[in-house]
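Secondary and tertiary structure notes
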Amino acid sequence: MSEFLAMGGYAFYVWTSFGAVLLVMLVNALEAARHHRQLRRRLERSQRRDSEQSARQAVHQTTLQRRG
Amino acid sequence: MHRIFSQWASPVHFYRLTGRMIPWLWAATLLLLAVGLFGGLVLAPPDYQQGEAYRIIFVHVPSAWMAMFVYMSMAVSAAISLIWRIKLADIWAKVSAPLGASFTALALLTGSLWGKPMWGTWWVWDARITSVVILLFLYIGYMALRAAIEDRRTASRASAILILVGVVNVPIIHYSVIWWNTLHQGPTITRLDAPAIHVSMLIPLLVMALAFMLYYLTVGLMRARSEVLDQERNSRWVTELVREEAR
């Protein structure tokens, strides 16, 4: 096992290469997932805001009608 | 044909279909990556000249191939979006850029980490390495140009033209090791006669390349889905989808 990790004296070069590649791939994937989650949340929030606003407008309109 | 394509490329259909595909694509990517890593790091024998250091090939060469492959895929998408105005083609070019830039940077980094023990230097300005640096700048330039232009359609058109002009660099990268006398070695796999690499090393290399390809497809589709959702935010299917999920 330690012989495997030593990579015939080239441990630094080999493991840094593999580590960097896998790290960059992982970060790209996590970033894509995070971006999607945030977008979904943002869309949900703006939609809720819109429906609340239209509900308020409806209430406002009925009060006006009653007064009228 | 065009009808089938535009149906498949319709935003709703694309979003649903890719949503179902992505878990399977991840499973395939991770499986191939595991097999490729095991084959490259454990099963493949050490090189008779370079010892264990040559194993960097299993990440360096797939990264370098992907650097060029992603660029060509962007160029095709850019051409399609310029000619037929298909939004999805523009989205694919846009989401590919950071992935292509990542692979290019990784090819340069792992090349440097391989060059130090084998050539005795981290860096030389030879034709191969210089043309890959230009490729990295093309990716960065593309992303900067897109970010700088406010109007989406102008941004997509201007950046598509940049990508298409930059295509001349791709054959230069490929033939650089033949046209110029470089420190970088010549082609090993893509020679007309048999590849100059033993099959016990070739198989893990091809498996890794396939894993990288699937990774690009998977993460690209994930990003493309977000982009589709964002661009279609005011359409009915998105409102319905968000409402369904919120329940």
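Structure: see above.
Quick summary incoming for the structure in this document. (Residues numbered from 1 in each chain as written. Chains lettered and ligands numbered in written order. Predicted model: local features only at pLDDT ≥ 70, side-chain atom pairs only at ≥ 80, totals over all residues.)

The next subject is the overall build of chain B. A tally of helices and strands in chain B yields 9 helices and 0 strands. The dimensions of chain B, computed from C-alpha atoms along their principal axes, are 65 × 35 × 35 Å. Looking at chain B as a whole, 36% of its 247 residues qualify as buried. Counting contacts in chain B only where the partners sit at least 6 residues apart, residues at least 24 apart contribute 76% of the total. (Helix = DSSP H or I, 4+ residues; strand = E, 2+ residues; numbered from the N terminus. Buried ≥ 20, exposed ≤ 12 C-beta atoms within 10 Å, placed from the backbone. Contact = placed C-beta atoms within 7 Å.)

Scanning chain A from N- to C-terminus turns up 2 helices and 0 strands. Against the 2.2 N^0.38 benchmark of 11 Å for 68 residues, chain A shows a C-alpha radius of gyration of 28 Å, more extended than a compact globule. (Rg over C-alpha atoms; globule rule 2.2 N^0.38 Å.)

The next thing to look at is the packing of helix 4 (residues 87–119) of chain B against helix 8 (residues 199–231) of chain B. All names here are of chain B. For the pair helix 4 and helix 8, interaxial distance at closest approach is 9 Å and the crossing angle is 125°. By the angle between their axes, helix 4 is oblique relative to helix 8. Regarding helix 4 and helix 8, the two cross each other, and that crossing is right-handed. Across from K87, I91, W92, K94, V95, S96 and L99 in helix 4, the residues of helix 8 making contact are Y216, V219, G220, R223, A224, E227, V228 and Q231. The residue inventory of the contact of helix 4 with helix 8, partitioned by class, reads 8 nonpolar, 3 polar and 4 charged. (Axes fitted to C-alpha atoms, helices over the stretch in contact; angles between N-to-C directions. Parallel < 35°, antiparallel > 145°, perpendicular 65-115°, else oblique. Left-handed = near helix turned anticlockwise from the far one by under 90°. Nonpolar A, V, L, I, M, F, W, Y, C, P; charged D, E, K, R; others polar.)

Between chain A and chain B, the residue contacts involve 22 residues of the former and 32 residues of the latter. Grouping the constituent residues of the side of chain A that touches chain B by class yields 14 nonpolar, 7 polar and 1 charged.

It is worth spelling out the nonpolar core at this point. Core analysis: the largest hydrophobic core is formed by 64 residues, its most contacted members being I56, A67 and V70 of chain B. The dominant element in this core, judged by the number of residues it contributes, is helix 4 of chain B, at 15 residues. (Core = buried A, V, L, I, M, F, W, Y, C linked by C-beta atoms within 7 Å.)

Here L30 of chain B shows up in helix 2 (residues 11–43). Distance in space between the C-alpha atoms of L30 of chain B and L214 of chain B is 9.2 Å, their sequence separation being 184 residues.

The end-to-end C-alpha distance of helix 2 (residues 11–67) of chain A, which contains 57 residues, comes to 83 Å, matching closely the 84 Å that a straight helix rising 1.5 Å per residue would cover. Residues of helix 2 of chain A that are buried include every one of Y13, V14, S17, F18, V21, M25, N28 and A32 of chain A, and no others. (Expected span 1.5 Å × (residues − 1).)

One way to put it is that helix 2 of chain A packs onto helix 3 (residues 57–84) of chain B with a least axis distance of 9 Å and a crossing angle of 40°. As judged from the angle between their axes, helix 2 of chain A and helix 3 of chain B are oblique. Every pair of crossing elements has a handedness; the one defined by helix 2 of chain A and helix 3 of chain B is left-handed. Within the contact between the two elements, helix 2 of chain A uses S17, F18 and V21 of chain A and helix 3 of chain B uses V59, H60 and S63 of chain B.

The next thing to look at is the environment of T121 of chain B. Residue and element names in this part refer to chain B. Tracing the backbone shows T121 in the loop between helix 4 and helix 5 (127–148). When the C-alpha positions of T121 and V207 are compared, they lie 29 Å apart, and in sequence the two are 86 residues distant. Apart from residues lying up to four places away in sequence, T121 is in contact with G115 and K116.

Moving on to unusual backbone geometry. A positive phi angle, near 50°, is found at M7 of chain A, a position not held by glycine. Along the polypeptide, M7 of chain A turns up in the loop between helix 1 (2–6) and helix 2. A positive phi angle, near 55°, is found at R85 of chain B, a position not held by glycine. With respect to the helices and strands, the residue R85 of chain B is situated in the loop between helix 3 and helix 4. Of the residues examined, R85 of chain B has 12 C-beta atoms within 10 Å and is grouped as exposed.

All names here are of chain B. When you line up the elements, E240 lands in helix 9 (residues 236–246). Residue classification places E240 among the exposed residues on the basis of 11 C-beta atoms within 10 Å. In this structure the C-alpha to C-alpha distance between E240 and G51, which are 189 residues apart in sequence, comes to 59 Å.

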